[in-house]
Amino acid sequence: MSDALALADLAAEQWGLVTTSQARGLGMSAQTVARLTNQGALERLTHGVHRVAGTPPSPLDELRAAWLALDPTRRQSERLRDKDPIAVAYRSAAAIHELGDLEADRFEFISGARKQTRRPDIRLHRGQIDPGEWTTVEGLPVTSVLRTVADLAAEHVDGGHLATVVRDALTRRQVDDQQLATALRPYAHHYGVRMGDGEALLSRFLQESGVSVPIGRAVELAGAMPMPGNARDLQRLSEQLASIQSAIAPAARLTEQIVNSPAMKAVADLARRAQSPAMQRLAKQNAEVAEMSRLARTISESINLSDFEPKKQENSE
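Residues numbered from 1 in each chain as written. Predicted model: local features only at pLDDT ≥ 70, side-chain atom pairs only at ≥ 80, totals over all residues. Heavy atoms only, no water.

**Section: the packing of aromatic side chains**
For any pair of aromatic rings, the description rests on two quantities: the centre-to-centre distance and the angle between the ring planes.
1) Next: Considering all chains together, one arrives at two aromatic pairs under this definition.
2) Next: Between Trp 15 and Trp 67, the ring centres sit 5.9 Å apart and the planes meet at 70 degrees, which makes this aromatic pair edge-to-face. Here Trp 67 lies in helix H4 (residues 61–69) and Trp 15 lies in the loop between helix H1 (3–11) and strand S1 (17–19), a separation of 52 residues in the sequence. Across the pair, exposure class does not vary: Trp 15 and Trp 67 are buried alike. (Phe/Tyr/Trp six-rings, centres within 6.5 Å; stacked < 30°, edge-to-face > 60°. Helix = DSSP H or I, 4+ residues; strand = E, 2+ residues; numbered from the N terminus. Buried < 20%, exposed > 50% of the residue type's maximum accessible area, 1.4 Å probe, protein only.)

Here you go:
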């Protein structure tokens, strides 16, 4: 088998990427890798990491290359079997989970073992990750949504940006409000809230990120909620649901009309095609408004008040 085919077989297991160290493990010299690069069989992504020719490029290629470079001799499949792997974390994890609008100018990873790199575009954090605190996304080990929120809060990320992360984590039902409140609890006082009051910090973040109280309450009710056990509780729940429905339904319809109007679609299309960061942020904000509107409409339409109305007791004779 030719050198190029041997590398292609290896790269097929890890997004079409291969490291110089892995090539050396197949018996190839650095000169052979350089020759294959010059011939166009390989494309250099970064120092020590190449992409096999013909592999479709991905927006995650640079992040994947950075991850491979941190342990260049081992294959992706082998590293994913680690109990405490080097995982994508902090802002990079938020970006992969599509949480918030944090700007990630460096690739961030967390490792339980001491790691070093000379690359200025990589930031390494030292920390233990429990098995339930990371997951696999697009073939990469990534800190879970809840762990990502906690890590960003521990680093005292700007409250306005962290609020958008929390909003997205909750409204997309990736975590529930109690989990978020618990994760935020140790850091509440860093954001101007009473020490240990994670619920107050969560509420403030939701309000700052544009989630109104009715929608936030609707999301809470849409989660796992113990059913009331008596007529008085049922009556109270019925009144709450009616209030939520009447509050969010008109706003949802109006927002959808605005978002779907020809003028707003034209602005969104222009923003998507523009290269400036400001226009791209406008496109993202427009998409977020549309998503929040759809969420509000879905919640409003899914509330069936008759299911929660207390049933009248018939007098038995």
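The rest of the description comes next.
**Quick look at unusual backbone geometry**
1) Next: Of note, Trp 15 is a non-glycine position whose phi angle comes to about 65 degrees, a positive value.
2) Next: One non-glycine residue, Glu 138, lies in the positive phi region at around 55 degrees.
3) Next: Inspection of the secondary structure assignment puts Glu 138 in the loop between strand S7 (134–137) and strand S8 (140–143).

**A few points about the sheet that holds strand S3 (residues 49–52)**
1) Next: Taken in spatial order, the three strands line up as S1-S3-S2 in an open sheet, and their pairing is antiparallel. Each having just a single partner strand, S1 and strand S2 (42–46) make up the two edges of the open sheet. On average, each strand axis in the sheet is inclined to that of its neighbour by 35 degrees, with strand direction left out of account.
2) Next: Contacts from helix H3 (residues 30–38) reach S2 and S3, with the element oriented near 110 degrees to S2.
3) Next: Relative to the sheet, H4 contacts S1, S2 and S3, its axis offset from that of S1 by approximately 30 degrees. (Pairing = 2+ DSSP bridges. Axes fitted to C-alpha atoms, helices over the stretch in contact; angles between N-to-C directions. Contact = heavy atoms within 4.5 Å.)

**Observations regarding the nonpolar core**
1) Next: Membership of the largest hydrophobic core comes to 32 residues, with the highest contact counts inside it found for Leu 152, Leu 162, Val 166, Leu 184 and Phe 205.
2) Next: Residue assignment for this core shows that the elements contributing at least two residues are helix H6 (90–96), helix H7 (145–154), helix H8 (159–171), helix H9 (177–184) and helix H10 (198–208).
3) Next: Broken down by element, the residue count for this core peaks at six residues, all from H8.
4) Next: Here Phe 205 is in contact with Gly 159, Leu 162, Ala 163, Val 166, Leu 184 and Tyr 191, once residues within four sequence places are set aside.
5) Next: Listed in part, the 20 residues of the second largest apolar core include Ala 66, Ile 86, Ala 93 and Ile 96. (Core = buried A, V, L, I, M, F, W, Y, C linked by side-chain atoms within 4.5 Å.)

**Regarding H9**
1) Next: Inspection of H9 places Asp 177, Leu 180, Ala 181, Ala 183 and Leu 184 among the buried residues, and these make up the whole buried set. All buried residues of H9 project into a common sector of 165 degrees when viewed along the axis, lining one side.
2) Next: Two or three places before Gln 178, at the opening of H9, Asp 176 has a side-chain oxygen 3.1 Å from that residue's backbone nitrogen. (Arc of directions from axis to C-beta. Polar contact = N/O pair within 3.5 Å; in protein donor to acceptor, adjacent residues only side chain to side chain.)

**Digging into the side chain of Asp 61**
1) Next: Tracing the backbone through its elements, the reader meets Asp 61 in helix H4.
2) Next: A distance of 2.3 Å separates polar atoms of two side chains, one belonging to Asp 61 and the other to Arg 51.
3) Next: Filtering out sequence-adjacent residues up to four positions away, Asp 61 remains in contact with Leu 17, Leu 45, Arg 51 and Pro 56.

**Let's talk about the pairing of S3**
1) Next: A two-sided burial pattern is seen for S3, the buried positions comprising Val 49 and Arg 51 on one face and His 50 and Val 52 on the other.
2) Next: Where S1 meets S3, three bridges bridge the pair, whose relative direction is antiparallel. Looking at the pairing, Leu 17 lines up with Arg 51 of S3.
3) Next: The loop that links S2 with its antiparallel partner S3 comprises two residues; one of these, Gly 48, has a positive phi angle of about 85 degrees.

**Notes on the pattern of salt bridges**
1) Next: Tallied over the entire structure, the rule returns 17 salt bridges.
2) Next: A salt bridge links Arg 75 to Glu 13, with the nearest nitrogen and oxygen atoms 3.2 Å apart. Of the two residues, Arg 75 sits in the loop between H4 and helix H5 (76–79) while Glu 13 sits in the loop between H1 and S1, which places them 62 residues apart along the sequence.
3) Next: You can call Glu 13 partly exposed: its relative accessible area is 41%.
4) Next: Arg 147 serves as the salt-bridge partner of Asp 151, at 2.9 Å between the closest nitrogen and oxygen. Of this pair, Asp 151 and Arg 147 both sit in helix H7, four residues apart, which is roughly one turn of the helix.
5) Next: Overall, the relative accessible area of 7% leaves Asp 151 in the buried class. (Salt bridge = Lys/Arg side-chain N within 4 Å of Asp/Glu carboxyl O.)

**Section: the confidence of the model for the chain**
1) Next: Taken over all residues, the pLDDT of the chain has a mean of 79, while the share at 70 or more is 66%.
2) Next: Counting interchain partners and residues more than four positions distant, the pLDDT-below-50 stretch residues 213–228 has 28 contacts. (pLDDT = per-residue confidence, 0-100.)

**Remarks on the environment of Val 49**
1) Next: Counting through the fold element by element, Val 49 comes out in strand S3.
2) Next: Val 49 sits 13 residues away from Glu 62 along the chain, and the two C-alpha atoms are 9.7 Å apart.
3) Next: For Val 49, the contacting residues outside a window of four places in its chain are Val 18, Thr 19, Glu 43, Arg 44, Ala 65, Leu 68 and Ala 69.

**A word on the environment of His 161**
1) Next: Within the element layout of this structure, His 161 appears in helix H8.
2) Next: With 48 residues separating them in the primary sequence, His 161 and Ser 209 have C-alpha atoms 8.6 Å apart.
3) Next: In this view, His 161 contacts Asp 101 and Leu 102; residues no more than four positions away in its chain are not counted.

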